[in-house]
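Overview (structure and organization)
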Amino acid sequence: MIKKLFNLFSKKKNTAADFDFAFADVMTIVKAAGDKTQELQGHVVAIDKEDGSPVSIADRKSSRIVIEGLRKLTPDIPVISEEASKEDNAKAAKSRLHWVVDPLDGTRTYLDGHEGYGCHLALMDGDTPVLGFAYFPSADPDKQEFYYTAEDGKAYLKTGSGDPVRLQVSKPSAKETKLTAATGWKDKTLLLDGTELDLKRAVGGGRLCVTAAGKTDIAVFNGWFSDWDLAAAHAIIKAAGGD
């Protein structure tokens, strides 16, 4: 299925010929799933899962779009989804190479009627995310954002119909007296070595995405996050020169 996947982030420059699937096709699947959630926003209600987190029909429809699309595109690579059964996920996790999808990252934000939620997809080599696709829908097409790793091993951001822009993490010097942190909505103030940070609000894995774009210097997570929350964004920030 994939000829040279495990060289993706080596010093060797990869080309589209290294892969047996087109990244554009993966992006089409993720965008379709994200657009479905945007279409349904304001028209769904949620129930609580066993862990107390909310889930809605939008989560499940998005998950179905991604899973069905990937089964056609990469039938040999199993899919782990937040909305799949524990049995299916456990079976998929036994494969060294597998997809991990969060069909609706930021369900509470979504249910409250805000933007910032997204559909995230990562390709995993064991416990390591090697490809990442994170799409943030918007009712305004010009504000739709798609962060992704490309065939050349680099990370990019496409906003609306604009051209993709290569991402690069910020490189603050040791002399910097002010840093900006991507964090959640509940954090009021944050200190780093006694210095108060400027805060930029972002949802879940979106914190790593804005940091990959150099919009913030660091991403802060208070609390527990799962693989599907962060795997795609982790691959993206690594491709942008971060970790």
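Below or above, wherever it landed, is the structure these notes cover.

Conventions used here
- Residues numbered from 1 in each chain as written.
- Predicted model: local features only at pLDDT ≥ 70, side-chain atom pairs only at ≥ 80, totals over all residues.
- Heavy atoms only, no water.
- Pairing = 2+ DSSP bridges.
- Helix = DSSP H or I, 4+ residues; strand = E, 2+ residues; numbered from the N terminus.
- Contact = heavy atoms within 4.5 Å.
- Axes fitted to C-alpha atoms, helices over the stretch in contact; angles between N-to-C directions.
- Salt bridge = Lys/Arg side-chain N within 4 Å of Asp/Glu carboxyl O.
- Buried < 20%, exposed > 50% of the residue type's maximum accessible area, 1.4 Å probe, protein only.
- Expected span 1.5 Å × (residues − 1).
- Arc of directions from axis to C-beta.
- Core = buried A, V, L, I, M, F, W, Y, C linked by side-chain atoms within 4.5 Å.

1. Digging into the sheet that holds strand β4 (residues 97-105)
- Across the sheet, seven strands lie side by side as β3-β4-β5-β6-β7-β8-β9; this open sheet has mixed pairing. One side of each edge strand has no neighbouring strand; the edge strands of this open sheet are β3 (79-81) and β9 (165-166).
- Here β3 pairs with β4 via three bridges, running parallel. Counted as the bridge partner of I80 is V100 from β4.
- The strands touched by helix α2 (residues 57-73) are β3, β4 and β5 (118-125); relative to β4, the strand with the most contacts, the crossing angle is about 155 degrees.
- Seen against the sheet, helix α6 (residues 227-239) touches β3, β4, β5, β6 (128-136), β7 (145-149) and β8 (155-159) and runs at an angle of roughly 100 degrees to β6.

2. Comments concerning the pattern of salt bridges
- Tallied over the full model, the rule gives four salt bridges.
- A salt bridge links K31 to D35, with the shortest nitrogen-to-oxygen separation between them at 2.7 Å. Of the two residues, K31 and D35 are both situated in helix α1 (residues 23-40); the distance of four residues between them amounts to about one turn of the helix.
- Look at K31 and you get partly exposed, because its relative accessible area is 32%.
- Judged by relative accessible area, which is 26%, D35 ranks as partly exposed.
- For R96, the salt bridge is made with D125, and the minimal N-O distance between the two is 2.6 Å. You can see R96 sitting in the loop between α3 (86-93) and β4 and its partner D125 sitting in strand β5, a full 29 residues away along the chain.
- Given a relative accessible area of 54%, R96 falls into the exposed group.
- With a relative accessible area of 17%, D125 lands in the buried category.

3. Observations concerning α1
- Between its first and last C-alpha, α1 extends 26 Å over 18 residues, near the 26 Å set by a 1.5 Å rise per residue.
- Taken residue by residue, α1 has F23, V26, M27, I29, V30, A33, G34, T37 and L40 as its buried positions. Summarising the axial view, the buried residues of α1 lie within an arc of 165 degrees, below the 170-degree limit, and thus occupy one face.
- Phi turns positive one or two residues past the end of α1, at G42, with a value near 90 degrees.

4. What to know about the sheet that holds strand β14 (residues 218-219)
- One open sheet accounts for three strands, arranged β13-β10-β14; its pairing is parallel. Both edges of this open sheet fall to β13 (198-201) and β14, since each of them pairs with a single strand only.
- Bridge analysis of strand β10 (residues 180-183) against β13 gives four bridges, and the strand direction is parallel. From the neighbouring strand, T183 faces β13, where its bridge partner is R201.

5. So, the nonpolar core
- Of all hydrophobic cores here, the largest spans 26 residues; its most connected members are V30, V66, W99, L121 and F133.
- It is α1 that contributes the most residues to this core, six residues altogether.
- In this view, L121 contacts V26, V30, V66, L70, W99, V100, V101, L131, G132, F133 and A232; residues no more than four positions away in its chain are not counted.
- Core analysis: the next-biggest nonpolar cluster, separate from the first, contains 19 residues, L167, V169, L230 and A240 among them.

These figures come from the coordinates and say nothing about function on their own.
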